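Here's the letter readout for the chains.
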Amino acid sequence: MVTGIVYDEIYLEHKTGNHPESPSRLIAIMDFLKETKLLEDPNFKIIKPRKATLDQIRYVHRERLIKEIQEICELSAKTRRLQEIDWDTVASPKTYEASLYSVGGNLQAIDKIINGNIKNAFALVRPPGHHSNSHRFAGFCIFNNIAIAAEYLFKEKGIKRAVIIDWDCHHGNGTQDIFYHGSKSESGELVMFNSHQYGNFYPGTGNYDEIGTDKGIGKIINYPMPAGSTDDAIPIYFDEIIVPICEEFKPEFILISAGFDTHWTDRNTDMNWTYQAPANYLKKIKTIAQKYANNRILITLEGGYELDKQARAVYNCLKVLNDEDDSLIQEEPRKSRSELLNYFKKRLIPALKEKLKPYWACF
Ligand SMILES: [Zn+2]
């Protein structure tokens, strides 16, 4: 079975001017996939997106927010100028339309995965979504693609348990807000694993003691990493926290908010990952998908601002989705300082387990 790659030129129509989150991010990825001939490999298939319906957008966003983006885009068309939504998020005339396709591309991939047309998928979409919550756009994001995808699984696809893994360098605060009280759908249960740079860094949330409330209590699981953390921080989180929880929770579908701004060269962040690190994380996630989720993984693109590094990191993730685990493009491995590793093993992980203990039998 093939791996789907969601892509369409509509995603280039969300224009942002001189901004790190620009159409050139997707252009660089697609150019690299062509250059490496990955797109000629019959194991990969381009999936054309559809528009999400407004009812689907309403699964997580308020009506007022939908109106707001429509009006901002109309104003942008009328004035022929980009419009500021907040201090770092802008919209152009076709941002609203591109956003509907950004969500819809993810939903299209879900349909094909569940129908068995494709094995798994990577949605190369923009605008990204994980900083937007029910009532506010933020951090380069318009509609929260991954949150709507999760609710779509529950409301339209009969999935009862799903996991979101967000490995973007920035905390997925919008997604966390949306699910802080649990999933919107009565029939669905969602667990969110968030790993991110933490400490004097945008958006400022995502400490280990933010664990959800009400129906969502114990289901928001944050792994705040100090600046300078590298590839070796993630296996500790995976083995100590993600595996035991997934063994107990048994997710039927795995959604990934994939940012590639953890790379050591990224201009907006201070992390120290290589471009093979996300793919190595994905190999681990795949073991859970194989065991419980019938291999069902959908990755959606969030951030990542060093174009050549991001393209290599995406390529590596596609190789892993296609079970070519040994075909990664590698750079020199990087290691965290020993004090950092000690912090993860001796302080953060025990504190996190203590916090989660009342809600998970595995701890
Ligand atoms: Zn980010």
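None of these values were measured; they are calculated from a predicted model. (Residues numbered from 1 in each chain as written. Predicted model: local features only at pLDDT ≥ 70, side-chain atom pairs only at ≥ 80, totals over all residues. Heavy atoms only, no water.)

Trainee: Provide a residue-level description of the overall build of the protein, including the pertinent values.
Mentor: Helix and strand counts for the protein stand at 10 helices and 10 strands. A compact globule built from 363 residues would reach a C-alpha radius of gyration of about 21 Å, and the protein, at 19 Å, matches this within 12%. Over its C-alpha atoms, taken along the principal directions, the protein stretches across nearly 55 × 45 × 45 Å. Considering the protein as a whole, with its 363 residues, one finds that 62% of them fall into the buried category. Across the protein, every contact between residues at least 6 apart in sequence was considered, and the portion connecting residues at least 24 apart equals 81%. About 13,700 Å² of surface is accessible on the protein, with carbon and sulfur atoms providing 47% of the total. (Helix = DSSP H or I, 4+ residues; strand = E, 2+ residues; numbered from the N terminus. Rg over C-alpha atoms; globule rule 2.2 N^0.38 Å. Buried < 20%, exposed > 50% of the residue type's maximum accessible area, 1.4 Å probe, protein only. Contact = heavy atoms within 4.5 Å. Areas by Shrake-Rupley, 256 points an atom, 1.4 Å probe, with all protein chains shown as cover.)

Trainee: Which residues make up the packing of aromatic side chains, and what are the values?
Mentor: In this structure the tally under the stated criterion is 14 aromatic pairs. Pairing Trp 167 with Phe 260 gives two aromatic rings, centres 6.3 Å apart and planes at 75°, and the pair type is edge-to-face. Residue Trp 167 is found in the loop between strand E6 (161-166) and helix H6 (173-179), and its partner Phe 260 is found in the loop between strand E9 (253-258) and helix H8 (277-292); the two are separated by 93 residues along the sequence. On the accessibility criterion, Trp 167 (0% relative accessible area) is buried. Owing to a relative accessible area of 4%, Phe 260 belongs among the buried residues under this scheme. With a centroid separation of 4.2 Å and 5° between ring planes, the pair formed by Tyr 223 and Tyr 237 is classed as stacked. Taken as a pair, Tyr 223 in strand E8 (residues 220-225) and Tyr 237 in helix H7 (residues 233-249) lie far apart in primary sequence, 14 residues in all. The class for Tyr 223 is buried, based on a relative accessible area of 0%. (Phe/Tyr/Trp six-rings, centres within 6.5 Å; stacked < 30°, edge-to-face > 60°.)

Trainee: Outline the sheet that holds E9, supporting the account with residue identities and numerical values.
Mentor: Spatial ordering of the open sheet is given by E2-E1-E5-E10-E9-E6-E7-E8, a layout of eight strands whose pairing is parallel. Lying at the two open borders of the sheet, with one neighbouring strand each, are strand E2 (44-47) and E8. Between one strand and the next, the sheet's axes are offset by a mean angle of 15°, whatever the strand orientation. Where strand E1 (residues 3-6) and E2 come together, four bridges link them in parallel fashion. Opposite Val 6, over in E2, you have Ile 47 as the bridge partner. Sheet strands in contact with helix H9 (residues 307-321) are E1, E2, strand E5 (120-123) and strand E10 (297-301), and its direction is about 165° off that of E5. (Pairing = 2+ DSSP bridges. Axes fitted to C-alpha atoms, helices over the stretch in contact; angles between N-to-C directions.)

Trainee: Could you give an account of the nonpolar core, with specific residues and numbers?
Mentor: Within the largest apolar cluster, 118 residues are counted, with the highest numbers of intra-cluster contacts made by Phe 122, Phe 143 and Phe 193. In terms of residue count, the dominant contributor to this core is H7 (10 residues). The contact partners of Phe 122, leaving out residues within four places of it in the chain, are Gly 4, Ile 5, Val 6, Ala 258, Phe 260, Ile 299, Thr 300, Leu 301, Val 314, Cys 317, Leu 318 and Leu 321. (Core = buried A, V, L, I, M, F, W, Y, C linked by side-chain atoms within 4.5 Å.)

Trainee: Got a sec to walk through the coordination of the zinc ion? Specific residues and values, please.
Mentor: Coordination of the zinc ion by the protein involves Asp 168 (OD), His 170 (ND1) and Asp 261 (OD), with metal-donor separations of 1.9 to 2.1 Å. Read N to C, the donor residues that coordinate the zinc ion are spaced as D-x1-H-x90-D. Placement of Asp 168 in the loop between E6 and H6 and of Asp 261 in the loop between E9 and H8 is noted, with a sequence separation of 93 residues between them. The burial state of Asp 168 is the same as that of Asp 261; both residues are buried. (Donors = N, O, S within 2.8 Å, 3.2 Å for Na, K, Ca; no water.)

Trainee: Outline unusual backbone geometry, supporting the account with residue identities and numerical values.
Mentor: Here the bond from Arg 126 into Pro 127 is cis, since omega is 0°, no more than 30 degrees from zero. By secondary structure assignment, the location of Pro 127 is in the loop between E5 and helix H5 (145-156). A cis amide bond links Tyr 202 to the next residue, Pro 203, at an omega of -5°. Considering the arrangement of structural elements, one finds Pro 203 in the loop between strand E7 (189-197) and E8. Its identity as a non-glycine residue notwithstanding, Lys 37 has a phi of 65°, on the positive side.

Trainee: How would you sum up H7? Please name residues and give values.
Mentor: Taking 1.5 Å as the rise per residue, H7 with 17 residues should run 24 Å; its terminal C-alpha atoms sit 23 Å apart, in good agreement. Where H7 bends most, the angle comes to about 35°, and this point is Ile 242, followed within four residues by the proline Pro 244. Along H7, the positions that sit buried rather than exposed are Ala 233, Ile 234, Ile 236, Tyr 237, Phe 238, Ile 241, Ile 242, Pro 244, Ile 245, Cys 246 and Phe 249. Its buried side turned inward, H7 meets E6, E7, E8, H8 and helix H10 (338-356). Where H7 ends, the next residue or the one after it, Lys 250, has phi of about 55°, a positive value. (Expected span 1.5 Å × (residues − 1). Bend = angle between axes of the 7 residues up to and from the residue.)

Trainee: I'd love a proper account of the pattern of salt bridges, names of residues and values included.
Mentor: Overall, the coordinates contain 21 salt bridges when judged by the stated rule. One salt bridge in this structure joins Asp 323 and Lys 286, with 2.7 Å as the shortest N-O distance. Of this pair, Asp 323 sits in the loop between H9 and H10 while Lys 286 sits in helix H8, and the two are 37 residues apart along the sequence. Taking relative accessible area as the criterion, Asp 323 reaches 44% and is therefore assigned partly exposed. Residue Lys 286 is classed as buried on the basis of its relative accessible area of 8%. In this structure, Glu 324 engages Lys 319 in a salt bridge whose closest nitrogen and oxygen atoms are separated by 3.1 Å. (Salt bridge = Lys/Arg side-chain N within 4 Å of Asp/Glu carboxyl O.)

Trainee: Help me get a handle on the environment of Phe 137, residues and values and all.
Mentor: Relative to the elements of secondary structure, Phe 137 occurs in the loop between E5 and H5. Considering only alpha carbons, one finds Phe 137 and Val 163, 26 residues apart in sequence, at a separation of 23 Å. With near-sequence residues (within four places) excluded, Phe 137 lies in contact with Leu 65, Glu 68, Ile 69, Ile 85, Asp 86, Ser 132, Ile 142 and Phe 143.

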